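# Remarks on the overall topology
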Amino acid sequence: MSTFKTDDDLSLYFEDSGPQDAPAVICLPGLTRDGQDFRYLRPHLSEYRAIYLDPRGRGRSQYATDYTTYNVFREAMDVIALMDHLNLEHAALIGTSRGGLVAMCLAATAKHRLSAIILNDVGPDLDSTGLERIYDYLGRRPAAKTHIQAAKHLERALGQDFPNLPQERWLEDARVFYDATESGLALRYDPKLRDAFLEQAAAVAELPEQPSLWPWFQALDGLPSAVIRAENSDILSQKTYNQMQEKLLSLKAIELPDRGHIPYLDEPEAITLIHDILIQITRETAA
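Thresholds, definitions, all that
- Residues numbered from 1 in each chain as written.
- Predicted model: local features only at pLDDT ≥ 70, side-chain atom pairs only at ≥ 80, totals over all residues.
- Heavy atoms only, no water.
- Buried < 20%, exposed > 50% of the residue type's maximum accessible area, 1.4 Å probe, protein only.
- Helix = DSSP H or I, 4+ residues; strand = E, 2+ residues; numbered from the N terminus.
- Arc of directions from axis to C-beta.
- Contact = heavy atoms within 4.5 Å.
- Phe/Tyr/Trp six-rings, centres within 6.5 Å; stacked < 30°, edge-to-face > 60°.
- Lys NZ or Arg CZ within 6 Å of the ring centre and 35° of its normal.

### Notes on helix H3 (residues 128-137)
Three or more residues of H3 are buried, namely Gly 130, Leu 131 and Ile 134. Seen from one end, H3 has its buried residues packed into an arc of 100°, which puts them on one side. The elements touched by buried residues of H3 are helix H6 (193-205). Of the residues one or two after H3, Gly 139 is the one with positive phi, at around 80°.

Here's what the structure looks like:
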């Protein structure tokens, strides 16, 4: 078990695997997820120094006393703290959903520490349909009492976006998302994430001018970078996906069929794209 302390004295969990002298890749999970979010990608990163972070308030990391620190800026600072803890001058980032927002924030604020960025089903504009879906479940314990019941619920709710998904994967997801307790299933993240999420959304809504994340995205310019979109995504719209390619011509992009938010990253097209980006930093390191 590996942990490090943030500057506000929070203990965060991470796993550090692969050759220690290989290019570093830090995997940043979605809003309610942890490092296990990348369990299907992990075998395909064996030649890299792959680091899987449980962000503050998620998985095996400590919950914050001040839930307002559950925000993208603070989580970006935590990534830099992790890099400093590991004496990493540079790292590539693979950011899934919320993790992608953290990655873009770092591109805008600490680009000199990054070697590449891969965004998994996220962009500078977030579709309201997906945000409303997140509002519905965030911070609420599932009604299901067992992993089997939860797996059936996940399939009913998301099956149309993931046609032909192996049956056993729904159960695997349920076991990763929820802990079994005597009183039913429990969340593997701090329920206060909901308070932070809603308060931040309300604060933004009150601003006279809505902030744009496009400058964050455009900060990727000059870095090997890519975006992966799920064909059935309700977070990364087709319009935003197209605009990202128009605004950053060097961006590599693929769209995965039969996937919703979020792809598992074991899809052959996703693996190929990820290696296309990471091979660039391998060559640069060798040079």
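### A short note on the packing of aromatic side chains
Tallying each qualifying case throughout the model produces nine aromatic pairs. Between the aromatic rings of Phe 38 and Tyr 52, the centroid separation amounts to 6.4 Å while the plane-to-plane angle is 45°, which identifies the pairing as tilted. A residue pair is termed long-range when its members are at least 10 positions apart, and Phe 38 in the loop between strand E3 (24-28) and strand E4 (49-53) and Tyr 52 in strand E4 qualify at 14 residues. Each member of the pair, Phe 38 together with Tyr 52, is buried. Centroid distance Trp 214 to Phe 217: 5.6 Å. Interplanar angle 90°. Geometry classified as edge-to-face. Linking Trp 214 with Phe 217, this pair stays in helix H7 (residues 214-218), spanning three residues, or about one helical turn. Aromatic rings pair up to connect Tyr 40, Phe 162, Trp 170 and Tyr 264 into one cluster. Geometry around Tyr 264 places Arg 169 over its ring, the cationic atom sitting 4.6 Å from the centre. Above the face of the Trp 214 ring, Lys 247 is positioned so that its terminal group lies 5.4 Å from the ring centre.

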